[in-house]
Amino acid sequence: MKIILGVGGGIAAYKSAELARLLMQQGHQVTAVMTDAAQRFVTPVTFAALTGRKVLTDLFAIESAIDHIGTAQENDLLVVAPATADLLARLAHGLAGDFLSTLYLAFTGPVLLAPSMNVNMWQHAATRANVEILERRGHRVIEPGVGYLACGMTGAGRMAEPEEIAAAVDREARAGRDLEGETVLITAGPTEEPLDPVRYISNRSSGKMGYALAEAAAARGAHVVLISGPVHLSPPHGVEVIQVRTAAEMRTRVFENLEPAGIVIKAAAVADFHLSHVPDQKRKKTAARLSLELDPTPDILAEVGRQKGDRLLVGFAAETENLRQEARRKLESKNCDMVVGNLVGGTETGFESDENEVVLVLSTGDTVEIARASKREIADRIFDEILKLRLSLHSAHEA
Ligand code: PMT
């Protein structure tokens, strides 16, 4: 694969030299593009020696006049490491003042970003917003590690190790567009069940897990239909989003869009109960106790399971205990091929967090554990396992 290694101006630029070496070792052709600031930390000669290729630095050099377009067209993948706060901001907002940022705008392939900065800069609202824009655009952000930082502080912001970045690049290179031609139907977020015109029952789901799955599937070439409960996330790039509010609306939309879907993933936290007859007017507050009789909502996953056909059906299990047992029970009772179990109730993973830790319970009897990682990373691992599972179910069927 032909890879552009964009090097930003941070102390972690020295680690990118090792990344260049690892990518070369994996058999890729690597072209380094360095910002002016990057060249203050490491000289282009280092990257030229490691990659055996000219290092691109100057947008205004005569021979570079159209090189940013040509380089963008000739290469298959762009990895930016270190991606500094300034570089993330420029890429997020399309500022194209140097070779790397101009090339980025002209590049249409997959983009991986390995941020590196001081912990406060990483947590700043401006950086969070820029990262969100870039992720929504379908780019992979390889989360920085937690530890001692060059600035003397300790916290999140240290660029991921070159081995981790090289592994993510390799996965991207291997995964490529392995969902091309596939329609993937995903549900995400909570549902809201009204109690009157102003009140409702809902839950803590932010939609992050389901949106990460949608992004991953789109990046791998799928046509993605995302049926989303009310969340505060921007629609992922290239994904058809259908907004719903209640479990009943979600059910209607799922069945309307089920037919072309070869893979169905139910990551939404659908309310289990609702009020069947919602009053037209706001309930008045009185001193008396209020009791409401709630009815069960339709179990959409179980209903899809009953008419699954050839589809691969993936449910989620949000549990606070007995994760594996409950995930397997849901797999069997809802006729799924895979159930993704995650513990909820804490703050680090599960609901609302940017990270998750899951166990996949498969209809083959196997289980696969995926250690804590960003929801986007987990999403890709889930698709890797979905594709493997489909192959093994297919071979078992043929035998
Ligand atoms: O959105 P985030 O903040 O990122 O959080 C992610 C998550 C924790 C919501 C997600 O990872 C998750 O676990 N989603 C499923 C939540 C849930 O409703 O789990 P459950 O165990 O109650 O339901 C089991 C399965 O049945 C789920 O696939 C659910 O979508 C489905 N279901 C449930 C009830 C219902 N009436 N209809 C359904 O289809």
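Novice: What's the story with the site of the ligand in this structure? I'm lost.
Specialist: What surrounds the ligand is a group of 30 residues, the closest being S205, S206, K266, K330 and N342. Here S205 contributes a side-chain N or O atom positioned 2.6 Å from an oxygen atom of the ligand. M209 places a main-chain nitrogen or oxygen 2.8 Å from an oxygen atom of the ligand. Protein burial of the ligand: of its 770 Å² of free accessible surface, 96% is covered by the chains. If you map the ligand onto the pockets, it falls in the largest pocket. When contributions to the shell around the ligand are tallied by element, the ones reaching two or more residues are α10 (208-219), α12 (300-306) and β16 (312-319). Element by element, the count of residues in the shell around the ligand is highest for β16, at 5 residues. Of the residues in the shell around the ligand, the class split is 14 nonpolar, 7 polar and 9 charged.

Novice: What am I meant to see in the domain arrangement of the chain here?
Specialist: How big an interface is tends to be reported as the loss of accessible area on association of its parts. What the domain assignment reports for the chain is domain 1 (2-175) and domain 2 (183-273 + 293-398). Put simply, the middle of domain 1 and the middle of domain 2, counted by C-alpha atoms, are 32 Å apart. On the side of domain 2, 15 residues touch domain 1, which itself brings 10 residues to the contact. Summing the contributions of domain 1 and of domain 2, the shared interface buries around 1100 Å²; its carbon and sulfur component is 42%. A per-residue breakdown of the area domain 1 buries against domain 2 is headed by R136, R140 and R171, which together make up 52% of the total. Counting every contact that joins domain 1 to domain 2 gives 4 salt bridges. The salt bridge partner of D380 is R140, with a shortest N-O separation of 3.0 Å. The interface formed by domain 1 and domain 2 holds 5 residue pairs in polar contact (both at pLDDT 80 or more) in total. For the side of domain 1 that touches domain 2, the elements supplying multiple residues, two or more each, are α8 (125-136) and α9 (162-175). With 4 residues, the single largest contributor to the side of domain 1 that touches domain 2 is α8. When grouped by side-chain class, the residues that make up the side of domain 1 that touches domain 2 number 1 nonpolar, 1 polar and 8 charged.

Novice: What is the right way to look at the pairing of strand β4 (residues 111-115) in this model?
Specialist: The buried fraction of β4 amounts to 5 of the 5 residues, a majority that puts the element mostly inside the structure. The alternating pattern of β4 places V111, L113 and P115 and L112 and A114 on opposite faces, both of which are buried. Where strand β3 (residues 77-83) and β4 come together, 4 bridges link them in parallel fashion. Counterpart to A83 in the pairing with β4 is P115. Relative to strand β5 (residues 140-141), β4 is paired through 2 bridges, and the arrangement is parallel. Its bridge partner lying in β5, L112 is registered against R140.

Novice: In this structure, what is going on with the layout of surface pockets? I would like to understand it.
Specialist: Which parts of space are left empty comes out when a probe the size of a water molecule is rolled across the atoms. Volume-wise, the largest pocket comes out at about 770 Å³. As for the largest pocket, its lining consists of 37 residues, and the residues nearest its centre are A268, A269, V270, F316 and A318. Breaking the lining of the largest pocket down by element, the ones donating at least two residues are α10, α12 and β16. Tallied by class, the residues present in the lining of the largest pocket amount to 18 nonpolar, 11 polar and 8 charged. The calculated volume of the second largest pocket comes to roughly 670 Å³. Lining the second largest pocket are 32 residues, with E143, P144, E355, A373 and S374 positioned closest to its centre. Among the secondary structure elements, those contributing two or more residues to the lining of the second largest pocket are α7 (119-123), β6 (145-148), β7 (154-158), α9, β19 (367-374) and α14 (375-398). It is β19 that contributes the most residues to the lining of the second largest pocket, 5 residues altogether. Residues that form the lining of the second largest pocket fall into these classes: 14 nonpolar, 6 polar and 12 charged. When residues are assigned to domains, the lining of the second largest pocket turns out to be shared by domain 1 (2-175) and domain 2 (183-273 + 293-398), each giving three or more.

Novice: What is the right way to read the sheet that holds β4 from this model?
Specialist: Either a parallel or an antiparallel arrangement is found when strands of a sheet pair, and the pairing is made through backbone hydrogen bonds. With parallel pairing, 5 strands are arranged side by side in an open sheet as β2-β1-β3-β4-β5. Because the sheet does not close on itself, it has two edges, and the strands there are β2 (29-34) and β5. The sheet contacts of helix α1 (residues 13-25) involve β1 (2-7), β2 and β3, and relative to β1 the element is tilted by about 175°.

Parameters and conventions
- Residues numbered from 1 in each chain as written.
- Predicted model: local features only at pLDDT ≥ 70, side-chain atom pairs only at ≥ 80, totals over all residues.
- Heavy atoms only, no water.
- Near = heavy atom within 4 Å.
- Polar contact = N/O pair within 3.5 Å; in protein donor to acceptor, adjacent residues only side chain to side chain.
- Areas by Shrake-Rupley, 256 points an atom, 1.4 Å probe, with all protein chains shown as cover.
- 1 Å grid on protein atoms, 1.4 Å probe; cavity = no way out; pocket = protein on both sides within 12 Å on 5 of 7 lines; lining within 4 Å.
- Sits in = over half its atoms within 2 Å of the grid points.
- Helix = DSSP H or I, 4+ residues; strand = E, 2+ residues; numbered from the N terminus.
- Nonpolar A, V, L, I, M, F, W, Y, C, P; charged D, E, K, R; others polar.
- Domains from an automatic or database assignment.
- Contact = heavy atoms within 4.5 Å.
- Buried area = accessible area lost by both parts, 1.4 Å probe.
- Salt bridge = Lys/Arg side-chain N within 4 Å of Asp/Glu carboxyl O.
- Buried < 20%, exposed > 50% of the residue type's maximum accessible area, 1.4 Å probe, protein only.
- Pairing = 2+ DSSP bridges.
- Points joined across faces, edges and corners; volume = space filled by probe spheres on them.
- Axes fitted to C-alpha atoms, helices over the stretch in contact; angles between N-to-C directions.

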